[in-house]
Amino acid sequence: MAEVLVYVDHVDGAVRKPTLELLTLARRIGEPVAVALGSGAENTAAVLAEHGAVKVLTHDAAEYADYLVVPKVDALQAAYEAVSAGGSLAAVLVPSSAEGKEIAARLAIRIGSGIITDAVDLEAGDEGPVATQSAFAASFTTKSRVSKGTPVITVKPNSAAVQAAPAAGAVEALAVSFSEKATGTKVTARTPREATGRPELTEAAIVVSGGRGVNGAENFSVIENLADSLGAAVGASRAAVDAGWYPHSNQVGQTGKSVSPQLYIASGISGAIQHRAGMQTSKTIVAINKDAEAPIFDLVDYGVVGDLFEVVPQLTDEIKSRKG
Amino acid sequence: MSLRIVVTVKYVPDATGDRHFAEDLTVDRDDVDGLLSELDEYAVEQALQIADEADDAEITVLTVGPEDAKDALRKALSMGAHKAIHVEDDDLHGTDAIGTSLVLAKAIEKAGYDLVISGMASTDGTAGIVPALLAERLGVPQVTLLSEVSVEGGPTGTVKGRRDGDTASEQLEASLPAVVSVTDQSGEARYPSFKGIMAAKKKPVESWDLEDLEIEADEVGLEGSWTKVDTAAERPARTAGTIVKDEGEGGKQLAEFLAGQKFI
């Protein structure tokens, strides 16, 4: 069976959920071989094996943390060469994070392959893997494939339900020699993002967002309380971010992050096309807004026309009491 | 020596229009008005600010696209860029990101550059991979997704910036020449002044085709694309949802709905 290279996104050995989703999708087209780089790479092996990795290629070097992107491209290329030399390679899959897409793009050029980004589904096809993508603020769905080289495909978070499928997960050291360009962009300082205790926005199964209607940074606690009652991530519309009420890292929309959770709850968000571009693929959409004419109501599975400061706290209390 | 800045920009269909695909599954550009991709306005803005700080700098805006794409160049020129290059060729129709990066890289090399500045992504394709592809092709450092950027020391100096990622915020530094991309957090883009709009009409716009860039037709276009779109289907309209008016029980009703969907 053909192998599928899966690039592992992890933080000090803790594998992030989109990688486990990738392993699930990879098994549809071949045998997953995981590539884990940097500090804690070997610690990823157990969970990767549990989710179907037949092999885990690992390598650690200071370059991964000290320089931007290129060292990881060098390593993924080394893995590509090692695995494709040993047989057939069906695809290279990379999580669709900002960095993941950059790594995948540079690899694609180096190995002379086409690239598909932001796939939301993946199936085996007669002429190689077929990727589903969303276009034009999710108003269209396309099916595409790579027609040259080994398909390089980046996949968005929440594109598949994680399924365990134990495999050998044999750890092998990957031999990497860094290119001259690897040290071109220095990381001179790194400040970890302050942990909020909430799930990462792009990975969360539930996202609760606030917009212009929240009317002030101090009022965002209403949104956060609802999010915490559901174990959800907090999002914000551009209007709320531009007003300085919530950090840019939480912005959902065309110029912010695109999310595709099981449940999206929009409060005080009118639903301009720019916001819809970032959330329209959410499975279930709920909105609370005073304005019955707000375009967000065209998208919803359930909408409440009302004051969010009445509705949201009542909803939060009700959820808490039901969860007991 | 003058700091040569090339800003890559894209002419995109207006997101508020009715965007769709043409019969050959490329973006239909005829039925929707186009404009300069909003995210590229931030790239032009940062180029202008870097040029202001430098002793001597020249900003060239570069686009690859059909005839109408000149509008995107005019907008950037009216903001203050000095000159423009338009790569236009019938054989470019349907070029994918890999092909576009080839055309841009050849044009950037031909124009001469110390710094390339791009937006973080286009507002139509939204992939955000062209800056990384350009750095790979040009063989220079990529300093991407910056919410803050500065250049010191002129054409042989360094570029510094802040990259705000999911898990950390990083300070980056590289020697020129380099490829930079900036986010919408890098600073509000200026509106063109009346004077700027009038001045833009007199600024030079060069037109290059594939031959000028020594690119063969089969390296680009729909045929030369390394990816193939097999189908594009309009998403079925969402079935109308339930909408209730809050008369004191709105939150409880919503909780009932969420419980029914097994979210609580």
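Residues numbered from 1 in each chain as written. Chains lettered and ligands numbered in written order. Predicted model: local features only at pLDDT ≥ 70, side-chain atom pairs only at ≥ 80, totals over all residues. Heavy atoms only, no water.

Asks: Teacher, can you tell me more about the overall build of chain B here?
Replies: Assigned secondary structure in chain B consists of seven helices and 13 strands. Considering only C-alpha atoms, chain B reaches an extent of 70 × 40 × 40 Å along its principal axes. Looking at chain B as a whole, 52% of its 264 residues are labelled buried. In chain B, the proportion of contacts linking residues at least 24 apart, taken out of those at least 6 apart, comes to 71%. As presented, chain B carries roughly 12000 Å² of accessible surface, and 46% of it is formed by carbon and sulfur atoms. Of note, chain B has its 25 positive side-chain charges centred 5 Å away from the centre of its 52 negative side-chain charges. (Helix = DSSP H or I, 4+ residues; strand = E, 2+ residues; numbered from the N terminus. Buried < 20%, exposed > 50% of the residue type's maximum accessible area, 1.4 Å probe, protein only. Contact = heavy atoms within 4.5 Å. Areas by Shrake-Rupley, 256 points an atom, 1.4 Å probe, with all protein chains shown as cover. Lys, Arg positive; Asp, Glu negative; His and termini not counted. Charge placed at Lys NZ, Arg CZ, Asp CG, Glu CD.)

Asks: I'm lost on helix α5 (residues 98–110) of chain A in this one. Help?
Replies: Since the α-helix advances by 3.6 residues per turn, residues separated by three or four positions end up pointing in the same direction. All names here are of chain A. Spanning 13 residues, α5 covers 19 Å between terminal C-alpha atoms, matching the ideal 18 Å at 1.5 Å per step. Counting buried positions along α5 yields 10 of 13 residues, so the element is predominantly enclosed. Looking only at α5, the buried set comprises Gly100, Lys101, Glu102, Ile103, Ala104, Ala105, Arg106, Leu107, Ala108 and Ile109. Immediately downstream of α5, the backbone of Gly112 shows phi near 65 degrees, a positive value. (Expected span 1.5 Å × (residues − 1).)

Asks: How do you make sense of the UniProt feature "domain: Electron transfer flavoprotein alpha/beta-subunit N-terminal" (unreviewed entry) in chain A when you look at a structure like this?
Replies: Taken from the UniProt record, the annotation "domain: Electron transfer flavoprotein alpha/beta-subunit N-terminal" (unreviewed entry) applies to residues 4–187 of chain A. Span residues 4–187 of chain A is 27% helix and 32% strand, its end C-alpha atoms 31 Å apart. (UniProt positions renumbered as here; feature names shortened; annotations may be inferred.)

Asks: Explain the layout of surface pockets to me, please; I cannot follow it from the model alone.
Replies: Where empty space is left in the structure can be found by rolling a water-sized probe over the atoms. As a volume, the second largest pocket reaches approximately 720 Å³. Lining the second largest pocket are 40 residues, and of these Arg212, Arg238, Ala272, Gln274 and His275 of chain A lie nearest its centre. Every element with two or more residues in the lining of the second largest pocket is listed here: α7 (238–242), α8 (273–279), β17 (284–289) and α9 (308–323) of chain A together with β2 (11–13), β3 (34–36), α1 (38–53) and α2 (70–79) of chain B. Considering only residue class, the lining of the second largest pocket consists of 14 nonpolar, 17 polar and nine charged. (1 Å grid on protein atoms, 1.4 Å probe; cavity = no way out; pocket = protein on both sides within 12 Å on 5 of 7 lines; lining within 4 Å. Points joined across faces, edges and corners; volume = space filled by probe spheres on them. Nonpolar A, V, L, I, M, F, W, Y, C, P; charged D, E, K, R; others polar.)

Asks: In this structure, what is going on with the pattern of salt bridges? I would like to understand it.
Replies: A side chain with one charge may pair with a side chain of the opposite charge, provided their charged atoms come close. All names here are of chain A. Taken as a whole and judged by the stated rule, the model has 34 salt bridges over all chains. Across the pair Arg28 and Glu123 runs a salt bridge whose closest N-O atoms are separated by 3.0 Å. Highlighted residues: Arg28 in the loop between α1 (17–26) and β4 (31–37) and Glu123 in strand β8 (residues 121–123), separated in sequence by 95 residues. Exposure remark for Arg28: the relative accessible area of 35% places this residue in the partly exposed category. Take Glu123: its relative accessible area is 38%, and that puts it in the partly exposed class. Note that Arg145 is salt-bridged to Glu127, the shortest N-O span being 3.8 Å. Placement of the pair is Arg145 in strand β10 (residues 140–146) and Glu127 in the loop between β8 and β9 (130–135), with a sequence separation of 18 residues. (Salt bridge = Lys/Arg side-chain N within 4 Å of Asp/Glu carboxyl O.)

Asks: Is there a simple way to explain the packing of α9 of chain A against helix α7 (residues 250–260) of chain B in this structure?
Replies: How two helices pack is summed up by the angle between their axes together with the distance between the axes. Where α9 of chain A meets α7 of chain B, the axes come as close as 7 Å, and the angle between the chain directions of the two elements is 45 degrees. The orientation of α9 of chain A relative to α7 of chain B falls into the category oblique. The handedness of the crossing between α9 of chain A and α7 of chain B is right-handed. Of the residues in α7 of chain B, those in contact with Val311, Gln314, Leu315, Glu318 and Arg322 of chain A of α9 of chain A are Gly250, Gly251, Lys252, Leu254, Ala255, Glu256, Leu258 and Ala259 of chain B. For the contact of α9 of chain A with α7 of chain B, the residue count by class is six nonpolar, three polar and four charged. (Axes fitted to C-alpha atoms, helices over the stretch in contact; angles between N-to-C directions. Parallel < 35°, antiparallel > 145°, perpendicular 65-115°, else oblique. Left-handed = near helix turned anticlockwise from the far one by under 90°.)

Asks: Would you take a moment to explain the interface of chain A and chain B for this structure?
Replies: Often, the extent of an interface is quoted as the loss of accessible area upon association of its parts. Between chain A and chain B, the contact holds 85 residues from the first and 76 residues from the second. Around 7100 Å² of area is buried between chain A and chain B when both sides are counted, 56% of it from carbon and sulfur atoms. Three residues, Ile109, Phe136 and Tyr302 of chain A, lead the burial of chain A against chain B; their summed loss comes to 11% of the area buried on that side. Taken together, the connections running from chain A to chain B amount to seven salt bridges. Seen at the junction of chain A and chain B, the total is 41 residue pairs in polar contact (both at pLDDT 80 or more). Per-element accounting of the side of chain A that touches chain B gives the leading share, nine residues, to α5 of chain A. (Buried area = accessible area lost by both parts, 1.4 Å probe. Polar contact = N/O pair within 3.5 Å; in protein donor to acceptor, adjacent residues only side chain to side chain.)

Asks: Looking at this model, I keep getting lost on the pairing of strand β9 (residues 168–175) of chain B. Mind explaining?
Replies: Where a strand is regular, its side chains alternate between the two sheet faces. Here strand β13 (residues 185–192) of chain A pairs with β9 of chain B via seven bridges, running antiparallel. Along β9 of chain B, the bridge assignment pairs Thr185 of chain A with Ala174 of chain B. Here strand β8 (residues 158–164) of chain B runs beside β9 of chain B; their pairing, made up of seven bridges, is antiparallel. Its bridge partner lying in β9 of chain B, Thr158 of chain B is registered against Ser175 of chain B. With antiparallel pairing between neighbouring strands as the criterion, β8 of chain B and β9 of chain B make up a hairpin whose turn holds three residues. (Pairing = 2+ DSSP bridges.)

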